[in-house]
There are 2 protein chains.
Amino acid sequence: MLPVAVDAMGGDDAPGAIVAGARRASDLGIPILLVGAPELLTDTGGLAVHPASEIIEMDEDPAQGVRRKKDSSLVRCAELVRDGRASAMVSAGNTGATMASALLRMGRIRGVNRPAIATPLPLPGSTPTTLLDVGANAECRPEWLVQFAQMGSVFASHRFGLVNPRVGLLSIGEEATKGDTMVKETHALLKDAPGVNFIGNVEGRDILTDDVDVVVTDGFTGNVVLKTLEGGVRAFVRMMKDSLDGHPDLRRQTESVLDPLWDAMDPDAYGGAMLLGVDGVCIISHGSSSPRAIINAIQIAREMVDVDLVGLLRAAISAP
Amino acid sequence: MLPVAVDAMGGDDAPGAIVAGARRASDLGIPILLVGAPELLTDTGGLAVHPASEIIEMDEDPAQGVRRKKDSSLVRCAELVRDGRASAMVSAGNTGATMASALLRMGRIRGVNRPAIATPLPLPGSTPTTLLDVGANAECRPEWLVQFAQMGSVFASHRFGLVNPRVGLLSIGEEATKGDTMVKETHALLKDAPGVNFIGNVEGRDILTDDVDVVVTDGFTGNVVLKTLEGGVRAFVRMMKDSLDGHPDLRRQTESVLDPLWDAMDPDAYGGAMLLGVDGVCIISHGSSSPRAIINAIQIAREMVDVDLVGLLRAAISAP
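The structure contained in this document is the topic of the report that follows.

With that settled, consider the overall build of chain A. In terms of regular secondary structure, chain A is built from 10 helices and 11 strands. Its C-alpha atoms give chain A a radius of gyration of 20 Å, near enough to 20 Å, the size a compact globule of 320 residues would have. Projecting the C-alpha coordinates of chain A onto the three principal axes gives extents of approximately 60 × 60 × 35 Å. For chain A, buried positions account for 60% of its 320 residues. Sequence-distant contacts, at least 24 apart, represent 70% of the contacts inside chain A between residues at least 6 apart. If you sum the accessible surface of chain A, you get close to 12,200 Å²; carbon and sulfur atoms cover 48% of it. A distance of 4 Å separates the average location of the 29 positive side-chain charges in chain A from that of its 41 negative side-chain charges.

Written as structure tokens, this is what we have:
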């Protein structure tokens, strides 16, 4: 197997956390190619390093960053996949720049209008719900959302072993007449879309339930939903901890019972999102990725290469 | 003071829960006019009843319902306010039909392009965040959102005693360049909007924090956010209770400590949302409203009448 190209410079705790995760993935037998500035990568444990002298910062303008920094770790990662020298890329860096690098260097799968970012939302006790697009396209057209549904179905099938995953369209009511113009038009198209087990509109309250496997939406709404959930869970946990503050014994006991729950809800457990529709496997990890998140991301990259996800997506896409 | 018109027939537990709440509000000294079918309103404790023979069902098409059922409790409530026979209306019925009744019978405040539904989101330990629009307008124009910001500011000021409330525009990044076209255009307009303390874009994760008082968005995104939070909290509580299931003692202790938290987060504590921009006070309560939610809704209706919120909104609105 070709190595997985790992952007050693991207992420809040890069390169430390990234290299640590990559080393442990390598110990599991996955070939790794670290990409970054060799002088900053000291503790690699013998992993191969592909040199890249520039870094696209977390808050840098993605398009400018990719255009100007041709020797950045992100751009180089995407080129290694394009050139057949790596099987996949993993980055916890600037999300927009990861997307732009992958899109510009690997190109789109033939027939795909727009790539989309698919994120599994942890749902302890049952299969995660895959939400897409969570931010690649702030404005969408109905035909793009149909392709998101097709790509999301293929992804959820192979990522979570689902047969014929149930696809819902995010709206503000179950009826086909609810929503804005774009959603209503998408609803009509999805009813007849090949490869999509369309169960109709779903609402915000359905996302974290076992009633739907893939939730399709535009990148603006999807990004707002993802961040609202992150913020909601954070607020909830904080308020709960505040309430338990005067009760140290109870807090300790409760935490020991609830820790496996937090663990199961930790986004790190899923290793990140996947950019669907580009001509190569590209895993986008959370900026705050721990070594554990990176191991998981690399494992998922490997799995997606092993099942030839890109080939499956190519076959599933309706002509534009 | 003119009585508050209470739609006795709207809500999942109507008329029982509604009448029970109205009676308790009456005990607090607020004059009440129940609106509904007299033969179904038996246990009113002597409250005045304005007869209305029809009911718009919870799942009925709002526009059709309001057009066809001219003697429905909802339409009659709005007419009582329009005709100066009630000071405000409260309903836990069909949200769309409540909105349509208020809009068609009371009319808009002069200069308002579109009314919006404002919902306070509970935030234990600090002032709730007011989110609008949460569903009145699935598609919006930038000028409407500017008015939402102006109306939301007036509402948050008088509802929660805030001086110069901080207004954020919901987007997918803090930078003015982030978001879809509508959001970018709105951002530019909000910077110079009179009566708006605009702090810039906010993201989903900021909503449930003390960093912003009023969050402005279109009715599609707002509705998705509201329901995502509802669903998220529900999933979270369920998972937590499942985790504690094998530990009955711990579960009991934890619940006794956390109950005040659930209580503070209970939407019932805020009595519902307010339709801003119609020419009268209209409180829209959750379909599942308990008597407690109805008491709170009636009290808020009274407060909003007392401060002349409609007059304040009229003064705050920029010409269209």
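In this section: the side chain of Thr254 of chain A. Along the chain, Thr254 of chain A turns up in helix 8 (residues 248–265). Of the residues examined, Thr254 of chain A reaches a relative accessible area of 2% and is grouped as buried. When neighbours within four sequence positions are excluded, Thr254 of chain A is seen to be in contact with Leu244 of chain A together with Leu250 and Thr254 of chain B.

It is worth spelling out the sheet that holds strand 3 (residues 48–51) of chain B at this point. All names here are of chain B. Spatial ordering of the open sheet is given by 3-2-1-4-11-10-5-6-9-7-8, a layout of 11 strands whose pairing is mixed. The sheet is open, and its two borders are formed by strand 3 and strand 8 (197–202), each paired with just one other strand. Within this sheet the neighbouring strands show an average axis-to-axis angle of 25°, counted without direction. Pairing of strand 10 (residues 273–276) with strand 11 (residues 281–284), which is carried by 2 bridges, proceeds in the antiparallel orientation. Each residue of the ladder has a partner; that of Met274, found in strand 11, is Ile283. Seen against the sheet, helix 4 (residues 95–106) touches strand 4 (88–91), strand 5 (116–121), strand 10 and strand 11 and runs at an angle of roughly 175° to strand 11.

Attention now moves to the packing of helix 3 (residues 73–82) of chain B against helix 4 of chain B. Residue and element names in this part refer to chain B. Relative to each other, helix 3 and helix 4 sit at 35°, their axes nearing to 9 Å. Of the two elements, helix 3 crosses helix 4, and the hand of that crossing is right-handed. Residues Leu74, Val75, Ala78, Glu79, Val81 and Arg82 of helix 3 form the contact with helix 4, whose participating residues are Ala97, Thr98, Ser101, Ala102, Arg105 and Met106.

So, about the interface of chain B and chain A. Listed by partner, the interface residues are 45 residues for chain B and 45 residues for chain A. In this assembly, chain B packs against chain A so that about 4,200 Å² is buried in total across both faces, 73% of it on carbon and sulfur atoms. By the criterion of area lost to chain A, the three top residues of chain B are Arg205, Phe220 and Phe236 of chain B, representing 18% of everything that side buries. At the surface where chain B touches chain A, the tally comes to 4 salt bridges. Among the salt bridges present, the one from Glu203 of chain B reaches Lys227 of chain A, with a minimum N-O distance of 2.2 Å. At the junction of chain B and chain A, the tally comes to 6 residue pairs in polar contact (both at pLDDT 80 or more). Of all the elements, helix 7 (residues 219–243) of chain B adds the most residues to the side of chain B that touches chain A, at 20 residues. The class makeup of the residues in the side of chain B that touches chain A is 24 nonpolar, 13 polar and 8 charged.

A few words on the relation of the copies chain B and chain A. The transformation that overlays chain B on chain A combines an axial shift of 0.0 Å with a rotation of 180°, and the residual RMSD is 0.0 Å. What we have between these two chains is a two-fold relation. Of the interface residues in chain B, 100% have counterparts in chain A that sit at the interface too, so the contact is made through matching surfaces.

Attention shifts here to helix 5 (residues 142–160) of chain A. Residues and elements named next belong to chain A. Taking 1.5 Å of rise per residue, 19 residues should cover 27 Å, and helix 5 covers 26 Å from first to last C-alpha, within 8% of that figure. Most of helix 5 is tucked away, with 17 of its 19 residues classed as buried. Once helix 5 finishes, Gly161 follows within two positions and takes phi at roughly 65°, a positive value.

Bringing the state of the cysteines into the picture now. Residue and element names in this part refer to chain B. Inspection of every chain in the model, using the stated rule, returns 0 disulfides over all chains. Cys77 carries a free sulfur, and the closest cysteine sulfur to it, the one in Cys282, is 8.8 Å from it. Free cysteine Cys140: the closest other cysteine sulfur is in Cys282, separated by 18 Å. By relative accessible area, Cys140 is classed as buried at 13%.

Time to look at the environment of Asp259 of chain B. Tracing the backbone shows Asp259 of chain B in helix 8 (residues 248–265). Sequence separation between Asp259 of chain B and Glu39 of chain B is 220 residues, and the spatial gap between their C-alpha atoms is 39 Å.

So, about the nonpolar core. Among the nonpolar cores identified, the biggest contains 226 residues, and Ile298 of chain A together with Ile298 of chain B are the most heavily contacted of them. With 11 residues, the single largest contributor to this core is helix 7 (residues 219–244) of chain A. Ignoring anything within four residues of it in the chain, the contact list for Ile298 of chain B reads Val4, Val6, Gly21, Ala22, Ala25, Ile30, Ile32 and Val90 of chain B.

Tallied over the entire structure, the rule returns 1 aromatic pair over all chains. Seen in terms of ring centroids, Phe236 of chain A and Phe236 of chain B are 4.3 Å apart; in terms of plane orientation they differ by 80°. Their pairing is edge-to-face. Remark: Phe236 of chain B occurs in helix 7 and Phe236 of chain A occurs in helix 7; the pair is interchain, linking two chains. Relative accessible area serves as the criterion here: at 2%, Phe236 of chain A is assigned to the buried category.

Let's shift gears to the pattern of salt bridges. All told, the structure shown has 38 salt bridges over all chains when counted by the stated rule. Across the pair Arg76 of chain B and Glu79 of chain B runs a salt bridge whose closest N-O atoms are separated by 2.7 Å. Note that Arg76 of chain B and Glu79 of chain B are positioned in helix 3 at a spacing of 3 residues, about one turn of the helix. Of the residues examined, Arg76 of chain B reaches a relative accessible area of 23% and is grouped as partly exposed. In this structure Glu79 of chain B comes out as buried when scored by relative accessible area, which is 13%. Across the pair Glu255 of chain B and Lys241 of chain B runs a salt bridge whose closest N-O atoms are separated by 4.0 Å. Remark: Lys241 of chain B occurs in helix 7 and Glu255 of chain B occurs in helix 8; sequence separation between them is 14 residues. Look at Glu255 of chain B and you get partly exposed, because its relative accessible area is 26%. When its relative accessible area of 30% is taken as the criterion, Lys241 of chain B is described as partly exposed. One salt-bridge network, in which partners are shared between bridges, spans Glu203 and Arg205 of chain A together with Lys227, Glu230 and Arg234 of chain B.

Moving on, we get to the pairing of strand 10 of chain B. In regular strands, side chains alternate between the two faces of the sheet. Residues and elements named next belong to chain B. Side chains Ala273 and Leu275 of strand 10 all project onto a buried face; the interleaved residues Met274 and Leu276 project onto the opposite face, where all are buried too. For strand 5 and strand 10, the ladder comprises 3 bridges, and the chain directions are antiparallel. Within strand 10, the position partnered with Ile117 by the bridge is Leu275.

In this structure, Thr119 of chain B sits in strand 5. Residues within four places of Thr119 of chain B in sequence aside, it is in contact with Thr129, Thr130, Leu131, Val134, Leu226 and Ala273 of chain B.

The rules behind the values
Per-chain numbering applies: the sequence of each chain, read as written, is numbered from 1 onward. Throughout, the order in which chains and ligands are written sets their labels, letters from A for the former and numbers from 1 for the latter. Local features in this predicted model are restricted to residues whose pLDDT is 70 or higher, and side-chain atom pairs enter the listing and the counts only when it is 80 or higher, whereas totals over whole chains, interfaces and linings include all residues. The basis for every side-chain value is the complete set of heavy atoms in the structure, and neither hydrogens nor water enter the calculation. By the criteria applied, helices consist of DSSP H or I runs no shorter than four residues and strands consist of E runs no shorter than two, each listed in order from the N terminus. The quantity called the radius of gyration is restricted to C-alpha atoms. Its globule counterpart is 2.2 Å times the number of residues to the power 0.38. Only protein chains enter the calculation, and the probe is 1.4 Å; a residue is then buried if its accessible area is under 20% of its type maximum, exposed if over 50%, and partly exposed in between. We call two residues in contact when some of their heavy atoms are within 4.5 Å. Exposure was quantified through the Shrake-Rupley algorithm and a 1.4 Å probe, taking into account, for residues, occlusion by the shown protein chains and nothing else. Charge convention: Lys and Arg are scored as positive, Asp and Glu as negative, and His as well as the terminal groups of each chain are ignored. Think of each charge as sitting on NZ of Lys, CZ of Arg, CG of Asp or CD of Glu. Strand pairing follows a simple DSSP-based rule, namely that at least 2 bridges must link the two strands. For every element, the axis is a line fit to its C-alpha atoms; helices are fit only across the contacting stretch, and the angle between N-to-C directions ranges from 0 to 180 degrees. Crossings are sorted by hand: turned counterclockwise from the far helix by less than a right angle, the near helix makes the crossing left-handed, and turned clockwise it makes it right-handed. Put simply, buried area is how much 1.4 Å-probe accessible surface two parts lose in total, over both of them, once they are put together. Salt bridge, as applied in this entry: a Lys or Arg side-chain nitrogen positioned within 4 Å of an Asp or Glu carboxyl oxygen. Counted as a polar contact is a pair of N or O atoms within 3.5 Å, where, for protein atoms, one must be capable of donating a hydrogen and the other of accepting one, and residues adjacent in sequence contribute only when both atoms are in side chains. Classes in brief: Ala, Val, Leu, Ile, Met, Phe, Trp, Tyr, Cys and Pro nonpolar; Asp, Glu, Lys and Arg charged; the others, Gly included, polar. Residues below a pLDDT of 70 in either copy are left out; the C-alpha atoms of the rest, at least 70 in both, set the least-squares superposition of the copies. Every helix has an expected span of 1.5 Å times one less than the residues it contains. Note on terminology: disulfide denotes any pair of cysteine sulfur atoms within 2.5 Å. Buried Ala, Val, Leu, Ile, Met, Phe, Trp, Tyr and Cys residues form a nonpolar core when they are joined through side-chain atoms within 4.5 Å. The aromatic pairing rule takes the rings of Phe, Tyr and Trp, using the six-membered ring of Trp, and pairs them if the centres are within 6.5 Å, calling planes under 30 degrees apart stacked, those over 60 edge-to-face and the rest tilted.

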